[in-house]
Number of protein chains: 2
Amino acid sequence: MSDFSISELQKLHDLAFNVARIARTYMREDQLRRRKVALATRKKLNSVDLVTAADEGVEKTIRDSILKEYPNHAFIGEESYSAGEEKRFLLKEGPTWIVDPIDGTVNMVHMFPVTAISIGFCLDSIPTVGVVCTLYSAIRHPQGGAWLSELGPDGPSTPLPLVSTPPPLPIDAPKGCLFFGEYGKDRRDHPQSNLTKKAANFVNMATEIGGRGGKGGMVHGIRSLGSSTMDMVYVASGQGDIMFEAGCWEWDVCAGIAILLQTGGIVVGSNPPAGLGDTDPIPMANLGGGRYLAIRGCSEDAGGRSARVQQEALVREVWKRTERLDYQRPV
Amino acid sequence: MSDFSISELQKLHDLAFNVARIARTYMREDQLRRRKVALATRKKLNSVDLVTAADEGVEKTIRDSILKEYPNHAFIGEESYSAGEEKRFLLKEGPTWIVDPIDGTVNMVHMFPVTAISIGFCLDSIPTVGVVCTLYSAIRHPQGGAWLSELGPDGPSTPLPLVSTPPPLPIDAPKGCLFFGEYGKDRRDHPQSNLTKKAANFVNMATEIGGRGGKGGMVHGIRSLGSSTMDMVYVASGQGDIMFEAGCWEWDVCAGIAILLQTGGIVVGSNPPAGLGDTDPIPMANLGGGRYLAIRGCSEDAGGRSARVQQEALVREVWKRTERLDYQRPV
């Protein structure tokens, strides 16, 4: 990160912001057109894994704009990755853009208005600049920031998290938390399938305290939006508390993680690392690991516990209530 | 309904639209204020049943504006109902306003931006005018209509459903459908609890065809927004296919049902009525019944099946895959 000054990062941020804005216009026009005509889609994995011409068109727009300016940067985009033969984790140490042209394709097909353009930029494998939808963005840097730009790039923006001094986590969290998670695309039915375990995890988090053999978490609510990007962003902005997701990809979460880190949130693996002791510090999630548990930023609590102590305590409470998910990256 | 001409209904619609707009401004200011300060809430039923000062303030604003214009109409609002002793179903035959000042209170507390102001108007116990959020509205009448007014009351509006000739339902529905449902506030843990059954219903709908003992529905996605009002509205507008909810109230769905009916959708009970034969016509949901299954409007399909035939077939497919829920109205 030493090679990039705050002004260089700002330039990257502004490029991403403007590209996302152009892509958003493209998507918006596509949605308006579709109010009149049906949509052509083709399937990727199964009947719920869809790609539309818009995905591919938006990715090309973003890729061309970025590589024109930064021809030596690496670029990982969902659609070109999916179309390629190489399925291993591709992130290298150098400057790398990680882009999901349209997160929430199923939503877009149904015209349900939760979709995101997600443009992330990594240094040393850590998300450092993120722009989602042109609304939410961040530069991870001591002189950086995170913003909600509801009125477009030229209007005033609100610093994130939205509550400028974010409250401590609830004292008996996960009770009282807003929890985001998705059923996902793996729909196989057997007792140890990811779908079966995800559903059990959600019920555990929702059930009254003491229920489900002690796993009841009594969260305020379970939200499933059909966009892992937006799940992450809402936690990053403090509009949610917990994001728990497995089976998604680095382009789904890279930009959101840049925002999360800058707002004081943490992201770890949705499963505990093997051999982690009860008091060991919890390492950050592997960006290519496909399993993420994010906790929002917060202030020191009344008992003097730091944000990090509260967040790690909540991570362990979520781990206790959730079963290990087994999504594997194709090799 | 014979007593109300289309111009009278239009007048009611415009009043509701303007009141909702004022209430929305009030809510928006509240949300902006809360970016700086924490929120005072008190609990209604348990730790997830919250009421804020904003709910009560918004309801009073709406009630006063409506009763000033129509002092002889009945008015049912969530907050005044909840505060009262009388818990029976209150809807009479006469002109009745049914209002939820803020649907999605848990979301509002967390600043998660899915909330709705819902203003419905019933004649003969059937939702006839509905306004949600100032964006979505309808007049149920042959000369009426339904609209999405994204640019405010003075801008152009888009007729609903959003796709002006809504496509037929998927031929093997529920496969391919977007399904909306909520975990709700009843969090008790036992094998026959509503939470346990709701979770099983969601997994059934999500699982591959043939899974879960034949109950797998392979829907495109399960969405939980934390607002039954918005769940209903997205199905009414054709931005979703199926809304399945139990444990909510008439003010959560009244305005949305007015929009749904005008766009050609249907709403029935989420449980099959006792004694209904396989080919009997399916009656409309009881507005006060607290259990709703809504299907979006659609066109005749390639096999010549009418919208109603497709919708009733899908209702029976959903009933096969879902367990009976037992929410009771307090008496």
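Since we're looking at a predicted model, the values are computed, not measured.

## Details of the domain arrangement of chain A
All names here are of chain A.
- Each assigned domain of chain A is listed with its residue range as follows: domain 1 (6-159) and domain 2 (178-321).
- A C-alpha centroid distance of 23 Å is found between domain 1 and domain 2.
- Taken together, the contact pairs 39 residues of domain 1 with 29 residues of domain 2.
- Of the roughly 2,500 Å² buried at the junction of domain 1 and domain 2 (both faces included), carbon and sulfur atoms supply 71%.
- Elements with a minimum of two residues in the side of domain 1 that touches domain 2: α3 (78-83), β4 (96-103), β5 (116-123), β6 (126-132), β7 (136-139) and β8 (145-148).
- For the side of domain 1 that touches domain 2, the element with the highest residue contribution is β6, accounting for seven residues.
- In terms of residue class, the side of domain 1 that touches domain 2 is built from 22 nonpolar, twelve polar and five charged.

## Some points on the sheet that holds strand β12 (residues 242-246) of chain A
Residues and elements named next belong to chain A.
- Pairing in this open sheet of five strands is mixed, and the strands run β11-β10-β12-β14-β13 from one edge to the other. Among the strands making up the open sheet, the edge pair consists of β11 (221-223) and β13 (266-268). On average, each strand axis in the sheet is tilted by 20 degrees relative to the strand beside it, whichever way the strands run.
- Pairing of strand β10 (residues 178-180) with β11, which is carried by three bridges, proceeds in the parallel orientation. Its bridge partner lying in β11, Leu178 is registered against Gly221.
- Running over the sheet, helix α6 (residues 228-236) touches β10, β12, β13 and β14 (291-295) and is turned about 155 degrees from β12.

## Here we look at the environment of Ala302(B)
- In this structure, Ala302(B) sits in the loop between β14 (291-295) and α8 (307-321).
- In this structure Ala302(B) comes out as exposed when scored by relative accessible area, which is 88%.

## What to know about the pairing of strand β7 (residues 136-139) of chain B
Residues and elements named next belong to chain B.
- Neither face of β7 is open: one carries Tyr136 and Ala138, the other Ser137 and Ile139, and all of them are buried.
- Where strand β6 (residues 126-132) meets β7, four bridges bridge the pair, whose relative direction is antiparallel. If you follow Gly130 over to β7, its bridge partner there is Ala138.
- A loop of three residues connects β6 with β7, the two strands running antiparallel in sequence, and Cys133 in this loop sits at a positive phi of about 70 degrees.
- Note: β7 against strand β8 (residues 145-148), four bridges, orientation antiparallel. In the sheet register, Tyr136 faces β8, and the bridge partner there is Leu148.
- Hairpin connection, β7 to β8: the antiparallel pair is bridged by five residues.

Here is what the cut-offs are and how they apply
- Residues numbered from 1 in each chain as written.
- Chains lettered and ligands numbered in written order.
- Predicted model: local features only at pLDDT ≥ 70, side-chain atom pairs only at ≥ 80, totals over all residues.
- Heavy atoms only, no water.
- Domains from an automatic or database assignment.
- Contact = heavy atoms within 4.5 Å.
- Buried area = accessible area lost by both parts, 1.4 Å probe.
- Helix = DSSP H or I, 4+ residues; strand = E, 2+ residues; numbered from the N terminus.
- Nonpolar A, V, L, I, M, F, W, Y, C, P; charged D, E, K, R; others polar.
- Pairing = 2+ DSSP bridges.
- Axes fitted to C-alpha atoms, helices over the stretch in contact; angles between N-to-C directions.
- Buried < 20%, exposed > 50% of the residue type's maximum accessible area, 1.4 Å probe, protein only.

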